[in-house]
Amino acid sequence: MNKTALIVVDAQRDFCAGGSLAVPDGDAVIPPINALIKKFQADGKLIFLTRDWHPADHSSFADQGGLWPPHCVAGATGAAFHPDLLACPEATVVSKATEREGDAYSGFDGTLLRAQLLAAEVTDVLICGLASDYCVKATAIDAVKAGLATTVLTDAIRGVDVQPGDSQLALDEMKAAGVKLALSDSFI
Ligand code: VGL
Ligand code: ZN
């Protein structure tokens, strides 16, 4: 029997409009994600919410020699889930990149996510959220490596596009790694 879980990647304030690392059109992922959450709740299926959860002096921050403006500092407002994200108290929250050194774009990196999915005998995952070209990509590729049938929902992701075209490249890389791409409608 197949068992499908929903993985919502980093649907946090700092990656949306007004946030310190706002992804262009990032807020647009929230309505389709909410529809998916509703459906998964109604069906009693598992939901995982990953979040970027950095210390204030994280090595990925520009003032520490890293690539990014400070963002998603653990406990700060910017690290909170998007205010319009549907409440799902039953979801499992997965905090990542919690140590100063090194970054963790993948929700599987340094977390219990793999063990939790395996313990629940999950076979398939649907992945949505932010950002296509960083944490969504890394999480989806790791999901395939964990042996999960992995589908990324292309209408429910947006990319940073540090270089124009990065998001498209990310889709190509995910496909090459064995990730399926689909629209969220087909799961609602
Ligand atoms: C992310 C850049 C830095 C992401 C996290 O969630 O995609 N991107 N930290
Ligand atoms: Zn980060």
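Residues numbered from 1 in each chain as written. Chains lettered and ligands numbered in written order. Predicted model: local features only at pLDDT ≥ 70, side-chain atom pairs only at ≥ 80, totals over all residues. Heavy atoms only, no water.

## Overview of the pattern of salt bridges
Selection rule: Each reported salt bridge corresponds to a side-chain nitrogen of Lys or Arg within 4 Å of a carboxyl oxygen of Asp or Glu. Comment: elements are numbered from the N terminus, with helices defined as DSSP H or I runs of at least four residues and strands as E runs of at least two. Between buried and exposed lies partly exposed: a residue is buried under 20% and exposed over 50% of the maximum accessible area for its type, with that area taken using a 1.4 Å probe on protein chains only.
Applying the stated criterion across every chain, the model contains six salt bridges. Between K96 and D52 there is a salt bridge; the shortest N-O distance is 2.9 Å. Residue K96 is located in strand β3 (residues 92-96), and its partner D52 is located in strand β2 (residues 47-52); the two are separated by 44 residues in the primary sequence. Across the pair, D52 and K96 agree in class, each one buried. Residues joined in a network through salt bridges with shared partners are D10, D52 and K96.

## Some words on the environment of Y134
What counts here: What makes two residues a contact is simply this: any of their non-hydrogen atoms within 4.5 Å.
For Y134, the position within the fold is in helix α3 (residues 132-145). As for Y134 and P31, which are separated by 103 residues in sequence, their C-alpha atoms are 21 Å apart. Excluding anything up to four places from it in sequence, Y134 contacts W68, Y105, V160, V162 and D166.

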